[in-house]
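What the coordinates show
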Amino acid sequence: MNKKIAFVGAGSMAEAIISGIVKSGILKKEQILVTNKSNRERLENIKNKYDVQCILDKETVITEADIVILATKPYDLKESVESIKEFIQPGQLIFSVIAGISTDYITTLFGGNNPVVRAMPNTSATIGYSATAISAGKYAHEVHLNQAEELFETIGTTVIVNEDDMHTVTGISGSGPAYIYYLVEAMEKAATEAGFDKEIAMELITQTVRGAGQMLKETGESAAVLRKKITSPQGTTEAGIETLNKYDFEKIVMKCVKSASNRSEELGKSE
Ligand SMILES: NC(=O)C1=CN([C@@H]2O[C@H](COP(=O)(O)OP(=O)(O)OC[C@H]3O[C@@H](n4cnc5c(N)ncnc54)[C@H](O)[C@@H]3O)[C@@H](O)[C@H]2O)C=CC1
Ligand SMILES: O=C(O)[C@@H]1CCC=N1
């Protein structure tokens with residue numbers, strides 16, 4: 001990829017994307033610029049880990065970049081845009097990975113007609129396994145979506161969605177890894193309470209989660225069919241699933257996703 005990209009915000013998500021891009025080798029380290037509000041120590045830490053260009057001076061970072069990636073928390077967006085707005089050039093492409101915030105609002109904050117593409121990746125970007133949804137703002141054309149796909153494909157898979165669906169996407173795949181980790185934490189607790197060595201428990205659980213994910217991806221069978229194949233009549237799985245049903249597991253998970261997407265909408269309303 002023959003572009004320079006600049007991250008505004010150097011937190012967990014920016015780091016996950018940087019890590020994935022650096023591992024993919026699609027960009028040279030000189031093509032990745034990173035800035036944040038004022039935390040030099042954090043920038044040094046990113047520099048030491050990935051050897052990318054970490055620069056506090058916003059003018060340098062923005063004027064050098066072809067693509068600016070907004071990666072602050074939603075409530076820091078306005079201030080961060082204020083600090084870079086004057087250096088943004090007409091036509092400079094803007095990506096945002098910020099939950100809840102619409103491309104229209106970002107366009108309004110910048111005050112021009114720069115193309116804005118919204119993306120919702122997840123932290124599995126770190127190892128090239130993000131599921132990233134992408135949508136185009138009103139000034140973004142196919143060429144800009146293609147550039148977003150090209151970039152985000154280096155850190156996992158991509159899908160293009162309508163911007164209205166981004167709240168649901170955030171509740172499903174943006175936050176999704178955290179639900180899986182929570183399940184793993186609970187399984188780990190159950191194993192260690194049964195007297196298991198933590199390391200052995202983690203090996204068993206990690207490989208189980210990995211195997212289930214690969215089965216979904218590779219066999220083409222639905223989750224329901226795969227689950228049935230494990231559930232012998234009167235068997236252990238049946239007993240486990242009965243307990244999940246007793247406590248309304250399915251409803252709880254659906255409510256969990258809904259709460260996350262509602263929060264994404266609320267974040268958007270505070271625009
Ligand atoms: N963490 C995750 O799993 C995911 C996060 N996101 C989105 O990514 C965004 C960032 O999330 P995290 O990385 O988790 O947050 P974080 O708190 O780890 O990082 C935010 C970064 O923004 C910087 N920042 C704050 N004010 C700034 C300013 N005025 N100018 C420049 N930089 C500023 C902070 O210094 C920090 O480096 C959020 O909007 C979130 O919705 C999207 C998908 C997944
Ligand atoms: O919790 C959050 O708000 C962000 C968005 C998706 C994942 N983390």
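All values derive from a computational prediction rather than experimental measurement. (Residues numbered from 1 in each chain as written. Chains lettered and ligands numbered in written order. Predicted model: local features only at pLDDT ≥ 70, side-chain atom pairs only at ≥ 80, totals over all residues.)

**Thoughts on the environment of Met120**
Quick note on the threshold: Helix and strand assignments come from DSSP, with helices taken as H or I runs of at least 4 residues and strands as E runs of at least 2, each series counted from the N terminus. Any two residues are considered in contact once their C-beta atoms, placed from the backbone, lie within 7 Å.
With respect to the helices, strands and loops of the structure, Met120 is situated in strand 6 (residues 116–120). Between the C-alpha atoms of Met120 and Lys73, which are 47 residues apart in sequence, the distance is 13 Å. Residues in contact with Met120, not counting those within four places in the same chain, are Val97, Thr132, Ala133, Met166, Val169, Thr170, Ser173 and Gly174.

**Quick word on the site of ligand 2**
Definition in use: A residue counts as near a molecule or strand when its C-beta atom, positioned from the backbone, falls within 6 Å of it. Classification used: nonpolar for Ala, Val, Leu, Ile, Met, Phe, Trp, Tyr, Cys and Pro, charged for Asp, Glu, Lys and Arg, polar for all others including Gly.
Taken together, Ala99, Thr170, Gly174 and Ser175 form the complete shell of residues around ligand 2. Classifying every residue of the shell around ligand 2 by side-chain character gives 1 nonpolar, 3 polar and no charged.

**Some points on the UniProt feature "binding site: NADP(+)" (unreviewed entry) in the protein**
What counts is decided by this rule: UniProt positions are given in the numbering used here, feature names are shortened, and annotations may be inferred rather than shown by experiment. Between the buried cut of 20 or more and the exposed cut of 12 or fewer other C-beta atoms within 10 Å of a residue's own C-beta lies the partly exposed class, and all C-beta atoms are placed from the backbone.
Taking the UniProt record as the reference, the feature "binding site: NADP(+)" (unreviewed entry) is found at Ala71, Thr72, Lys73 and Pro74. Assignment of secondary structure puts Ala71 in the loop between strand 4 (67–70) and helix 4 (77–84). Take Ala71: there are 27 C-beta atoms within 10 Å of it, and that puts it in the buried class. Secondary-structure assignment places Pro74 in the loop between strand 4 and helix 4. We classify Pro74 as partly exposed; it has 18 C-beta atoms within 10 Å. Once residues lying within four places of it in the same chain are set aside, the contact partners of Pro74 are Ile98, Ala99, Gly100, Ile101 and Leu267.

**Quick notes on the nonpolar core**
Keep this limit in mind: Each nonpolar core comprises buried Ala, Val, Leu, Ile, Met, Phe, Trp, Tyr and Cys residues, the members being joined through C-beta atoms within 7 Å.
Counting residues in each nonpolar core, the largest one holds 51 residues, and the members touching the most others are Ala6, Val34 and Ile69. Top contributing element to this core by residue count: helix 1 (residues 12–24), with 6 residues. Apart from residues lying up to four places away in sequence, Val34 is in contact with Phe7, Ala10, Ala14, Ile18, Leu43, Ile46, Val52, Gln53 and Cys54.

**Remarks on the site of ligand 1**
Near ligand 1 there are 27 residues, and of these Gly9, Gly11, Asp76, Ser80 and Ala99 occur at the shortest range. Elements supplying a minimum of two residues to the shell around ligand 1: helix 1 and helix 4. Here the shell around ligand 1 is composed, by residue class, of 11 nonpolar, 11 polar and 5 charged.

**Observations concerning the UniProt feature "domain: Pyrroline-5-carboxylate reductase catalytic N-terminal" (unreviewed entry) in the protein**
In the numbering adopted here, UniProt assigns the feature "domain: Pyrroline-5-carboxylate reductase catalytic N-terminal" (unreviewed entry) to residues 4–100. End C-alpha atoms of residues 4–100 are separated by 26 Å, and the span's content is 40% helix alongside 19% strand.

**Some words on the packing of helix 7 (residues 166–174) against helix 12 (residues 249–269)**
Our working rule: Fitting a line to C-alpha atoms yields each axis, with helices limited to the stretch in contact; the angle taken between N-to-C directions then spans 0 to 180 degrees. Small angles under 35 degrees read as roughly parallel and large ones over 145 as roughly antiparallel, with 65 to 115 read as roughly perpendicular and the rest as oblique. The crossing is said to be left-handed when, going from far helix to near helix, the turn is anticlockwise and less than a right angle, and right-handed when the turn is clockwise.
Between helix 7 and helix 12, the shortest axis-to-axis distance is 8 Å and the interhelical angle comes to 135°. Here helix 7 lies oblique to helix 12, going by the angle between them. Seen along the crossing, helix 7 lies across helix 12 with a hand that is right-handed. Here helix 7 contributes His167, Thr168, Thr170, Gly171 and Ile172 to the contact with helix 12, which in turn contributes Val257, Lys258, Ala260, Ser261, Ser264 and Glu265. In the contact of helix 7 with helix 12, the residues fall into 3 nonpolar, 6 polar and 2 charged.

**Some remarks on helix 5 (residues 103–110)**
Turn by turn, an α-helix covers 3.6 residues, leaving residues three or four places apart pointing in a common direction. What counts, and what does not: What the arc measures is the spread of directions leading from the helix axis to the C-beta atoms.
For helix 5, every residue scored as buried is listed here: Thr103, Tyr105 and Ile106. Summarising the axial view, the buried residues of helix 5 lie within an arc of 160°, below the 170-degree limit, and thus occupy one face. On its buried face, helix 5 is in contact with strand 5 (93–96) and strand 6. At the C-terminal side of helix 5, Gly111 shows a positive phi close to 75°.

**Quick notes on the domain arrangement of the protein**
Defined as follows: Delimitation of the domains relies on an automatic or database domain assignment.
Taken domain by domain, the protein consists of domain 1 (5–169) and domain 2 (176–268). With centres defined by C-alpha atoms, the gap from domain 1 to domain 2 works out at 31 Å. Of the residues lining the interface, 10 residues belong to domain 1; the matching set on domain 2 comes to 7 residues. Here the residues of the side of domain 1 that touches domain 2 are counted per class, giving 3 nonpolar, 7 polar and no charged.

**Focus on the pairing of strand 2 (residues 32–35)**
It is a general feature of regular strands that their side chains alternate between the two faces of the sheet. To be explicit about the condition: By the convention used here, strands pair only if DSSP detects at least 2 bridges between them. Here is how to tell: hold the view so the strands point away, follow the path from the first strand over the helix to the second, and if it runs clockwise the crossover is right-handed.
Burial of the side chains of strand 2 extends over both faces: Ile32 and Val34 are buried on one face and Leu33 and Thr35 on the other. Sheet analysis places strand 1 (residues 5–8) next to strand 2, joined by 4 bridges and oriented parallel. Counted as the bridge partner of Ala6 is Leu33 from strand 2. Taken together, strand 1, helix 1 and strand 2 constitute a β-α-β crossover, and its handedness is right-handed. Of the crossover connections in this fold, the one passing from strand 2 over helix 2 (residues 40–50) to the parallel strand 3 (residues 53–54) is right-handed.

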